[in-house]
Amino acid sequence: MKLGLQGRFLLILCCISLLQLILLSTASYYYVSEQRYREVGDQALDVAQLVARDPAVITGVRRADSARLNQLVEKTRVDVGASFIVIGDRNALRLVHPQADRIGKPMVGDDPTRALVNGESYVSHAKGSLGVSVRGKTPIRDELGQIIGVVSVGYLVRDIDADLRGFLRFGLLITLLIVLLNSLAAGWLARRYKKAIFGFEPEQIGRLYAELDCTLRTVREGILTIDGEGRLTSINPNGIKLLHLDEQQARGAIGRPINDLLPETRMLSLIHDPKPQYDEEIWLNGQHLIVNRLPLVRDGELIGAVSSFRRKDELAELSAQLSQVQAYSDLLRVQTHEHNNQLGTIAGLIELGAHEEALAFIGREAGTEQTLLSFLMAAIAKPKVAGLLLGKYHRAHELGLELIVEPDSRLYDIPARVSGSQLVTLLGNLIDNAFEATRRHGAPYAPIRVSMTDLGQDLILEVEDGAGGVAPELQDRLFEPGVSSKAEQGHGIGLALVRKTLDALKGDIVIEATEQGSCFVCYIPKDV
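Residue numbers restart at each chain and count upward from 1, following the sequence in its written direction. Given that the model is predicted, a residue must reach a pLDDT of at least 70 before its local features are reported, and side-chain atom pairs must reach 80 or more before they are shown or counted; all residues, however, enter totals for whole chains, interfaces and linings. Only hydrogens and water are set aside when side-chain values are computed; all heavy atoms of the structure are taken into account.

1. Focus on the packing of aromatic side chains
At step 1: Aromatic pairs are defined between Phe, Tyr and Trp rings, using the six-membered ring for Trp, whenever the two ring centres lie within 6.5 Å; interplanar angles under 30 degrees are classed as stacked, those over 60 as edge-to-face, and all others as tilted. Counted by the stated rule, this structure contains zero aromatic pairs.
At step 2: Both a distance and an angle decide whether a charge sits over a ring: NZ of Lys or CZ of Arg must be within 6 Å of the ring centre and within 35 degrees of the ring normal. Above the face of the Tyr 122 ring, Arg 114 is positioned so that its terminal group lies 3.9 Å from the ring centre.

So this is what it looks like as structure tokens:
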């Protein structure tokens, strides 16, 4: 069974604390026992020296008065809590012993020669007749300083260990208490940590991080994040690419203030005023971008901000492509409608028996269609543009309007940097705008005129409507996104796309007043 985060915290902290406490308890027990044995040894030696200096003991040893010595020594042994006090004569024969049957027998344990011959006082750890003990030995001297016997005061090891077992039990109790407290602390810490990571397990966090990293690498938008102090925390590869940054420099800027990498950024505005910012147009590091910014808030506290951005011209390209698709769709729909009408007319004439009129109608319509198509294919190098104008011609007919392509129009010398899609965007949006403006102006409808020329240093595209002119208050703002002379929502896009396309081509557009309305003139330089 796999342990969760809380179980792992509990197991790790308990094992660590238990190991530390075992080592600490062992060291403490060893230190305390050593101290205890040293203290007992020093105490035994002090008592032995005290007994050896007692005149009554000296007299009793000299007389070998065991009965008197036993009385004197027993009282002292009880007072000091010693396990035994043994007195021997000069020949190490016992004069005093806790067990009377052993009096008169040689002393056992360690060699008493050091005290009897060398006159030393010392502490020893040896096994005697009563068991293993810590004993202090010292010689007994008479008034002349002659060694006449030896005193051995001892404490049995089992009695010392019995005292130390109380300390050991206390230490084990403290160890268990600390382990219990560590368990409680581990549980609290694990719960708090899981709350901070939204209840995920470490493996889940690792997977989420891998998924997030993969997501950031695959999205086409640039994404960067900062923390609550304004320091850069991440930037994805596309963000580095869109901002034309050096990858090594960008990676090295992580953890440093965002202004060090992007001095012109407004990301810090979210730190001071944490309000979402959507679809803002900005210039950053020499790039024209559309930016979204969102504050990162957790438990009501601002912890950072996220920004996603993309090139503005990408949106223009997408809108242009959409416009082309719409134009092709309109072309097919209009042609289908026109052909249905023509087929209906032909079928009606045949049914009425007017065969000659039917043939004449077919010839007239085919001739008109073929003439226009031949003209467009001969005058325009881009088939997309020719197809657009053919479709707009039929669309105008469907709307009850007249679209006239000037017969001297020519668009053949087109530089390689100008694509057919860009020309379709320009002409398609201008013609659609002319259709709507002319119809809004009311009948009788003036013809919409289209003229194109590649003479000179510029490509010149002209679209004249019959709308009576542009309102003065809109003259300077007509090409801004969302600005339109129409009151309905959803307009103000077509002319904005025209402006963006011309900006990309380093071109320009002017509006000239004419007798019937306004003429939009686009200038596209052939050489830049």
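2. Focus on the environment of Ile 509
At step 1: Starting at the N terminus, helices and strands are each numbered in turn, a helix being any DSSP run of H or I of at least four residues and a strand any DSSP run of E of at least two. Turning to its location among the elements, Ile 509 is positioned in strand 14 (residues 508–513).
At step 2: Partly exposed describes any residue whose relative accessible area lies between the buried limit of under 20% and the exposed limit of over 50%, with all areas from a 1.4 Å probe on protein chains only and scaled to the type maximum. Taking relative accessible area as the criterion, Ile 509 reaches 6% and is therefore assigned buried.
At step 3: Along the primary structure Ile 509 and Phe 520 are separated by eleven residues, whereas in three dimensions their C-alpha atoms are 6.9 Å apart.
At step 4: The contact criterion used throughout is that any non-hydrogen atoms of two residues lie within 4.5 Å. Here Ile 509 is in contact with Leu 430, Phe 479, Val 498, Arg 499, Leu 502, Phe 520, Val 521 and Cys 522, once residues within four sequence places are set aside.

3. Digging into the sheet that holds strand 9 (residues 287–298)
The pairing of strands in a sheet comes from backbone hydrogen bonds and takes either a parallel or an antiparallel form.
At step 1: Two strands form a pair only when DSSP identifies at least two bridges running between them. Read across the sheet, five strands follow the order 7-6-10-9-8 without closing on themselves; strand pairing throughout is antiparallel. The open sheet is flanked by strand 7 (232–235) and strand 8 (277–284), the only strands paired with a single partner. The average undirected angle you get between the axes of adjacent strands in this sheet is 25°.
At step 2: When strand 9 meets strand 10 (residues 301–311), the two strands line up antiparallel, connected through ten bridges. Bridge pairing in strand 10 places Asn 292 opposite Ser 308. The convention used is that axes are lines fitted to C-alpha atoms, helices contributing only their stretch in contact, and that angles between N-to-C directions extend from 0 to 180 degrees.

4. As for unusual backbone geometry
At step 1: Not every positive phi belongs to a glycine, and His 244 is a case in point at roughly 55°.
At step 2: On the secondary structure map, His 244 appears in the loop between helix 7 (237–242) and helix 8 (247–252).
At step 3: For His 244, a relative accessible area of 58% corresponds to the exposed category.
At step 4: In this structure, Lys 506 is a non-glycine residue whose phi angle is positive, near 60°.
At step 5: Residue position: Lys 506 is located in the loop between helix 15 (494–504) and strand 14.

5. Let's talk about the sheet that holds strand 14
At step 1: Here we have five strands laid out as an open sheet, ordered 11-12-13-15-14, and mixed in their pairing. The sheet is open, and its two edges are formed by strand 11 (403–405) and strand 14, each paired on a single side. Taken pair by pair, the neighbouring strands of this sheet meet at an average axis angle of 15°, ignoring direction.
At step 2: Sheet analysis places strand 12 (residues 448–453) next to strand 13 (residues 458–464), joined by five bridges and oriented antiparallel.

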